[in-house]
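Examining the three-dimensional arrangement
What follows is each chain in one-letter form.
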Amino acid sequence: MESQLMFLDCPAYLDKQNLVRCGLPAEVRCRFIVRSTSGPLECAMIRCPAGHFFNGPIEFLSLESTARTAHRQGVAGPG
């Protein structure tokens, strides 16, 4: 079995206005599949060097997909 190190950008907010993100490379500690009513979801547990921990679907843990989702919902981003 081959093990491969994987990183995602840390999605933690650093301010009260939810405008500034941590963005440090967060190590994927483990990956797992969760059953849902719409089918299986690929999930992960991540941790960044600043100590932020997250568990959840991979698509919600990456900054890129989160920004795209916010844009589609009409949420204004920074700038």
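For the structure itself, look to the data block above.
Presented here is an overview of the structure given in this document.

Conventions and cut-offs
Residues numbered from 1 in each chain as written. Predicted model: local features only at pLDDT ≥ 70, side-chain atom pairs only at ≥ 80, totals over all residues. Heavy atoms only, no water. Phe/Tyr/Trp six-rings, centres within 6.5 Å; stacked < 30°, edge-to-face > 60°. Lys NZ or Arg CZ within 6 Å of the ring centre and 35° of its normal. Pairing = 2+ DSSP bridges. Helix = DSSP H or I, 4+ residues; strand = E, 2+ residues; numbered from the N terminus. Axes fitted to C-alpha atoms, helices over the stretch in contact; angles between N-to-C directions. Core = buried A, V, L, I, M, F, W, Y, C linked by side-chain atoms within 4.5 Å. Buried < 20%, exposed > 50% of the residue type's maximum accessible area, 1.4 Å probe, protein only. Contact = heavy atoms within 4.5 Å.

1. Comments concerning the packing of aromatic side chains
Using the criterion set out here, one finds zero aromatic pairs in the structure. Its guanidinium or amino end placed over the ring of Y13, R21 lies 3.9 Å from that ring's centre, counting from NZ or CZ.

2. Observations regarding the sheet that holds strand 3 (residues 41-47)
On the basis of which strands lie adjacent, the open sheet formed by four strands has the order 1-2-3-4 and antiparallel pairing. Each edge of the open sheet carries a strand with a single partner, namely strand 1 (7-9) and strand 4 (53-57). With direction set aside, neighbouring strand axes in the sheet form an average angle of 35°. Of the strand pairs in this sheet, strand 1 and strand 2 (residues 25-34) are connected by three bridges, and their pairing is antiparallel. Among the inter-strand pairings, F7 is bridged to a residue of strand 2, identified as E27.

3. Quick look at the nonpolar core
Ranked by size, the top nonpolar core spans eleven residues in total: L8, C10, A12, C22, A26, V28, A44, I46, C48, I58 and L61. For this core, the elements supplying multiple residues, two or more each, are strand 2, strand 3 and helix 1 (58-61). Not counting chain neighbours up to four residues away, the residues in contact with V28 comprise M6, F7, L8, A44, M45 and I46.

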